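Coordinates in review
As a plain string of letters, each chain reads:
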Amino acid sequence: MAKMEVKTSLLDNMIGVGDMVLLEPLNEETFINNLKKRFDHNEIYTYIGSVVISVNPYRSLPIYSPEKVEDYRNRNFYELSPHIFALSDEAYRSLRDQDKDQCILITGESGAGKTEASKLVMSYVAAVCGKGAEVNQVKEQLLQSNPVLEAFGNAKTVRNDNSSRFGKYMDIEFDFKGDPLGGVISNYLLEKSRVVKQPRGERNFHVFYQLLSGASEELLNKLKLERDFSRYNYLSLDSARVNGIDDAANFRTVRNAMQIVGFMDHEAESVLEVVAAVLKLGNIEFKPESRVNGLDESKIKDKNELKEICELTGIDQSVLERAFSFRTVEAKQEKVSTTLNVAQAYYARDALAKNLYSRLFSWLVNRINESIKAQTKVRKKVMGVLDIYGFEIFEDNSFEQFIINYCNEKLQQIFIELTLKEEQEEYIREDIEWTHIEYFNNAIICDLIENNTNGILAMLDEECLRPGTVTDETFLEKLNQVCATHQHFESRMSKCSRFLNDTSLPHSCFRIQHYAGKVLYQVEGFVDKNNDLLYRDLSQAMWKASHTLIKSLFPEGNPAKINLKRPPTAGSQFKASVATLMKNLQTKNPNYIRCIKPNDKKAAHIFNESLVCHQIRYLGLLENVRVRRAGYAFRQAYEPCLERYKMLCKQTWPHWKGPARSGVEVLFNELEIPVDEYSFGRSKIFIRNPRTLFKLEDLRKQRLEDLATLIQKIYRGWKCRTHFLLMKKSQIVIAAWYRRFAQQKKYQQTKSSALVIQSYIRGWKARKILRELKHQKRCKEAATTIAAYWHGTQVRREYRKFFRANAGKKIYEFTLQRIIQKYFLEMKNKMPSLSPIDKNWPSRPYLFLDSTHKELKRIFHLWRCKKYRDQFTDQQKLIYEEKLEASELFKDKKALYPSSVGQPFQGAYLEINKNPKYKKLKDAIEEKIIIAEVVNKINRANGKSTSRIFLLTNNNLLLADQKSGQIKSEVPLVDVTKVSMSSQNDGFFAVHLKEGSEAASKGDFLFSSDHLIEMATKLYRTTLSQTKQKLNIEISDEFLVQFRQDKVCVKFIQGNQKNGSVPTCKRKNNRLLEVAVP
Ligand SMILES: Nc1ncnc2c1ncn2[C@@H]1O[C@H](COP(=O)(O)OP(=O)(O)OP(=O)(O)O)[C@@H](O)[C@H]1O
Ligand SMILES: [Mg+2]
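Residues numbered from 1 in each chain as written. Chains lettered and ligands numbered in written order. Predicted model: local features only at pLDDT ≥ 70, side-chain atom pairs only at ≥ 80, totals over all residues. Heavy atoms only, no water.

Take the overall build of the protein chain next. Looking only at helices and strands, the protein chain has 31 helices and 31 strands in total. Taken over the C-alpha trace, the protein chain has a radius of gyration of 72 Å; the compact-globule value for 1078 residues is 31 Å, which it surpasses by more than 25%. A principal-axis box enclosing the C-alpha atoms of the protein chain has dimensions of 210 × 135 × 45 Å. Total accessible area on the protein chain is roughly 57,600 Å²; 53% of this is exposed by carbon and sulfur atoms. On the protein chain, the mean spot of the 167 positive side-chain charges and the mean spot of the 132 negative ones are 17 Å from each other. (Helix = DSSP H or I, 4+ residues; strand = E, 2+ residues; numbered from the N terminus. Rg over C-alpha atoms; globule rule 2.2 N^0.38 Å. Areas by Shrake-Rupley, 256 points an atom, 1.4 Å probe, with all protein chains shown as cover. Lys, Arg positive; Asp, Glu negative; His and termini not counted. Charge placed at Lys NZ, Arg CZ, Asp CG, Glu CD.)

Coordination of the magnesium ion (ligand 2) by the protein is provided by Thr 115 (OG1) and Ser 164 (OG), with metal-donor distances spanning 1.9 to 2.0 Å. Of this pair, Thr 115 sits in helix H4 (residues 114-128) while Ser 164 sits in strand S5 (residues 163-164), and the two are 49 residues apart along the sequence. Both residues of the pair, Thr 115 and Ser 164, belong to the buried class. (Donors = N, O, S within 2.8 Å, 3.2 Å for Na, K, Ca; no water. Buried < 20%, exposed > 50% of the residue type's maximum accessible area, 1.4 Å probe, protein only.)

As a further point, take the pairing of strand S1 (residues 45-48). The alternating pattern of S1 places Tyr 45 and Tyr 47 on one face and Thr 46 and Ile 48 on the opposite face, and all of these are buried. Two elements, S1 and strand S2 (residues 51-55), share four bridges in a ladder whose sense is antiparallel. For Tyr 45, the partnering residue across the bridge sits in S2 and is Ser 54. Count of turn residues in the S1/S2 antiparallel hairpin: two residues, of which Gly 49 carries a positive phi of about 60°. (Pairing = 2+ DSSP bridges.)

This part takes up helix H21 (residues 570-586). Along its 17 residues, H21 runs 24 Å from first to last C-alpha, staying within 8% of the 24 Å computed at 1.5 Å per residue. Turning to H21, its buried residues number three or more, namely Ala 570, Gly 571, Phe 574, Lys 575, Val 578, Leu 581, Met 582 and Leu 585. Along the axis of H21, the buried residues cluster in a sector spanning 125°; they form a single face. Facing away from the buried surface of H21 by more than 90 degrees, the exposed residues are Thr 580 and Lys 583. (Expected span 1.5 Å × (residues − 1). Arc of directions from axis to C-beta.)

This brings us to the site of ligand 1. The local shell around ligand 1 holds 18 residues, among which Ser 110, Lys 114, Thr 115, Ser 163 and Ser 164 are the closest. Between ligand 1 and the protein, one listed contact pairs an oxygen atom with a side-chain N or O atom of Asn 160 at 2.9 Å. Contact between ligand 1 and Asn 162: an oxygen atom at 3.4 Å from a main-chain N or O atom of the residue. Relative to its unbound accessible area of 630 Å², ligand 1 is 86% covered by the protein chains. Contributing elements (two or more residues each) for the shell around ligand 1: H4 and S5. A total of three residues in the shell around ligand 1 trace back to one element, the largest contributor, which is H4. Of the residues belonging to the shell around ligand 1, the class tally is four nonpolar, 10 polar and four charged. (Near = heavy atom within 4 Å. Polar contact = N/O pair within 3.5 Å; in protein donor to acceptor, adjacent residues only side chain to side chain. Nonpolar A, V, L, I, M, F, W, Y, C, P; charged D, E, K, R; others polar.)

A turn of α-helix holds 3.6 residues, and therefore any two residues three or four places apart point the same way. Of all eight residues in helix H19 (residues 536-543), six are buried, a share of seventy percent or more. Where H19 is concerned, the buried positions are Asp 537, Leu 538, Ser 539, Gln 540, Ala 541 and Met 542.

Aromatic ring pairs: the centre-centre distance and the angle between the two ring planes describe each pair. The tally for this structure, following the rule as stated, stands at 39 aromatic pairs. Geometrically, the ring pair formed by Tyr 678 and Phe 680 is edge-to-face, given 5.4 Å between the ring centres and 75° between the ring planes. Note on Phe 1039 and Phe 1052: the rings are 5.7 Å apart at their centroids and 45° apart in plane angle, and the pair reads as tilted. Of the two residues, Phe 1039 sits in strand S28 (residues 1038-1043) while Phe 1052 sits in strand S29 (residues 1046-1054), which places them 13 residues apart along the sequence. You'll find Phe 1039 and Phe 1052 in the same group, each marked buried. Three or more aromatic residues link up through ring pairs in this structure, and these residues are Phe 399, Phe 402, Phe 475, Phe 489, Phe 510, Tyr 521 and Phe 526. Arg 231 extends its terminal NZ or CZ atom over the ring of Tyr 232, reaching a point 5.8 Å from the ring centre. (Phe/Tyr/Trp six-rings, centres within 6.5 Å; stacked < 30°, edge-to-face > 60°. Lys NZ or Arg CZ within 6 Å of the ring centre and 35° of its normal.)

What follows is about the side chain of Lys 381. Among the structural elements, Lys 381 can be located in strand S12 (residues 381-387). Within polar-contact distance, the side chain of Lys 381 engages the backbone oxygen of Leu 95 at 3.2 Å. A polar atom in the side chain of Lys 381 sits 2.7 Å from the backbone oxygen of Arg 96.

Strands sit in the order S17-S19-S18 across an open sheet of three strands; the sheet is antiparallel. Both outer strands of the open sheet, strand S17 (634-637) and strand S18 (678-680), are each paired with one neighbouring strand and no more. Adjacent strand axes in the sheet meet at a mean angle of 20° when their direction is disregarded. Those strands touched by helix H24 (residues 638-645) are S17, S18 and strand S19 (684-687), and its axis lies near 95° from that of S17. (Axes fitted to C-alpha atoms, helices over the stretch in contact; angles between N-to-C directions. Contact = heavy atoms within 4.5 Å.)

What follows deals with a negative patch on the surface. A contiguous patch of negative charge on the surface is contributed by Glu 395, Asp 396, Glu 473, Glu 477 and Glu 524. Relative to the assigned elements, Glu 473 resides in helix H17 (residues 472-482). (Patch = residues over 30% accessible without salt bridge, like charges linked within 9 Å, V, L, I, M, F, W, Y side chains within 5 Å. Salt bridge = Lys/Arg side-chain N within 4 Å of Asp/Glu carboxyl O.)

What follows is about the side chain of Lys 1018. Within the secondary structure, Lys 1018 sits in helix H31 (residues 1012-1027). By relative accessible area, Lys 1018 is classed as buried at 6%. Sequence-distant contacts of Lys 1018, defined by excluding residues within four places in its chain, comprise Glu 882, Phe 905, Gln 906, Gly 907, Ile 930, Ile 931 and Leu 952.

This brings us to a nonpolar patch on the surface. Where nonpolar side chains cluster on the molecular surface, the patch consists of Leu 710, Ile 711, Ile 714, Tyr 715 and Trp 718 and spans about 550 Å² of accessible area. Among the secondary structure elements, Leu 710 is positioned in helix H26 (residues 690-829). Overall, Leu 710 belongs to the partly exposed group, its relative accessible area being 39%.

Bringing the nonpolar core into the picture now. If you look at the biggest cluster of nonpolar residues, it comprises 208 residues, and the most contacted ones within it are Phe 31, Phe 152 and Phe 510. Phe 905, Val 976, Ala 999 and Ala 1016 belong to the second largest nonpolar core, which has 33 residues in total. (Core = buried A, V, L, I, M, F, W, Y, C linked by side-chain atoms within 4.5 Å.)

With that settled, the discussion passes to the sheet that holds strand S21 (residues 945-953). Reading across from one edge, S23-S22-S21-S20-S26-S25-S24-S27 is the order of the eight strands in this open sheet, with mixed pairing throughout. The sheet terminates laterally at strand S23 (967-972) and strand S27 (1032-1035), the two strands that pair on one side only. Sheet twist, expressed as the mean angle between neighbouring strand axes with direction ignored, is 30°. Strand direction decides the pairing type here: strand S20 (residues 929-938) and strand S26 (residues 1005-1008), joined by two bridges, are antiparallel. Bridge pairing in S26 links Asn 936 to Ser 1008. Contacting S20, S21, strand S22 (956-961), strand S24 (976-981), strand S25 (988-993) and S27, H31 crosses the sheet at an angle of about 125° to S20.

By themselves, these figures tell us nothing about what the structure is for.
In structure tokens:
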């Protein structure tokens, strides 16, 4: 739903009148009363047309909250009650939307709230303009420039605890969207005399007190300062502490603000060092010292302070000391140095302090400008905010007040010009006839001061530049001559005798009748202050400082840039800058805020009527209202006017179709408003008298009440009717619902009864069918059962004989087969390796297969042995056959046998063929040699052994001498009958020969050999193959041997250890030969 727009107006809930133009009757009394009434109701703002009057409330009001900002944002000027935000919004919007540069001119006397107003304007604009990181930084820097400038440029005065002692004009620059880009601040004439001297009840600039209260001990030590205010001559003590001002906290705020604005740490420190130097300058004191020529020369009393200043600023102490004692005047080529007396020395000191401080202030402004300046070169829209010192009338008014008041005079001038011009222009624009109104134009006062030939400032300059003795008195005399006839100038010595009787006018004074009142100026100091003289020696000393900031503040001290021309005077400088300012303001659309101070006590709730009256008079506010009302008191665009009053006429209410202007015409005709009371402009209706407007307002109020009643009546009727219709509709709905419900219930009952009956019948029918079906089924089942039984009996009868006899066996066989199959299949996977010496064999799975298992193992073994044998060559086969033979002959019979298994049966151990020693032997033997080996032949007589070569050929057995190779005996194999040997582990064996043969003449042979088994086997085999007879091999531990005629028993005795492991043989007697076997 679209938000309902509530159109409000300034005229709603007004206290007094919000716009003075509507005041009826208009006179000073009603004006003040209206202001007072509004002030008492916390309405501090009142309009005169588009000018805002602001009365200082001297307390914080809850009217500047963010919600208020939102309220005033994008609203028309006259839509809400008067507020500074409305003016700010109007200015900002016409800047943004209509591309008109704006200036906001804030005037009023000291303490009237100008600075506060300027800050409010700035903060409002900051709140409503664009957002974003960059924009926010610009805003923040613009806003934070205020605390810095206030610390250095504001001071407590009797009129204001935070009085601006300088004029400030700030241009805020925006881009085409209305986002802030940056700003430029111009400052006008700082009241620097305050640095060295303050009037009673006033303070020096805030920064001195802030520094001493807020700086850390460390910082103070660094700046060589002490916290005690009373230590410093330049600080007035009677009002060093001000209620409601926390200097220490403000110091932190200022440091923080400096950081935000973009001061580097070293810059901020340099600034504080200059402040410290200024403070310490005040403590330098001088004493007179008589010189030979009778004149007094000043000397510094205590050099300690000077030393510290020099340390702080990096100036050579002797240079500064000399600058306080001498003054060098340069003219053309001449250079004259004169000594200073004590008074001159003090003057020089103060001039230095003032210059140092005021130049520091200008430097600060420039430094801030550098930070806040817009970064782009695009075209900018500008909003200027002018917050200049207010009109001042003190007991003693001096050059500063003169300058300040001149500036205010100029502002009033521009106010008059622009307001009247604007008013006039509006009438022309709107095509309305305009009657001239008389008002006081202060141009004449401006002229008195600024006229180039005989204005006061020109006169002062002339006097300052004139050769010869120049004093303030000579200046006054001159004024008396030149301005005597001026209406606004008065002095006792004036040639014009008009005022001679005026005893209130003291000597050495002149009085100017400003637009805001008469001000008496003390002429003393005018010449000096205008000259603003700083001895060149001092500026040169400053330039020599190693402190970069101080050095940069005194460029004229650079000897290379020496300029003999006088610098422009303070007055002419100010005049020029004011002229520039005025020119600048004239190019912009002005918005006025006129500040009024309600009392002199800086107190809330007090409204001093006479004080206010005075301000109203000199601000010319009443005239302002009159001018505004000269033609027409009130004007309003046609649309809002029609919108506001259309309910007063039947044709325009509730809707007017057609242009707003004709609507207003119809409305005014209908209301019979006298024709001379209003006039139609191009876009606005102009109402001559406020009376008419109020009449319209009264009518509207009345009509609104009627309308409210009407609306109430219609609303109530509508509400009752709607209620009734709703009730009726509800009743029908309820009845319908109830009927439906009843019908539904009845139907449900019938339906359920029908269902019950239906279900009973269906049940009964179904049961009947079921019974029949069951009967049929049972019949069928019975028949099947009988048939099955009969068939069964038949089949059983037929198969009984096969089935019962064989089933068990078959199952058994089948099971067995399965088990065996499984056994073999498993066996296949578990087969051991093919190596014949592998002893592994899988474990037996079933007990009943035990024998099979063993048999399989055996078969497998045999098979793998066969496999192994199949790989043999013929040679290997022979060897194995021989080995097999040996095993058959000796295994388990002779203990020597196992040791022979591993021996390869080489046969020909002696290589007779190759050895030349045995050539003869070899030649003697023609057959193949089967054994050629050395054996021990046991002597038959004594049992001792001799080495003999034992040779076996296919047919013979030969013995030869080992050394000579000569054959000793030769036995044909057919003559060998038997071989005997023990069952023990020895190599003795006997070869029995056939009785009666030729070889047997000497008897049987008894040998011992390491290769007994081989020899016996080979002998056996050879014999068998040659003679086809098996050689008898006797294995016995006792056997008989035939030695020649004797039969000798060879007996083997075990356990003889005498000769270690070697068996020994001994002939015991004729019948016995004993062999000791280990
Ligand atoms: N709108 C306001 N709301 C609350 N207090 C205000 C307002 N305006 C001014 N004041 C109070 O009045 C005091 C003086 O105001 P301000 O400093 O703005 O005066 P000024 O016109 O700038 O004076 P000067 O010409 O001496 O600088 C402020 O310190 C503040 O206490
Ligand atoms: Mg101020």
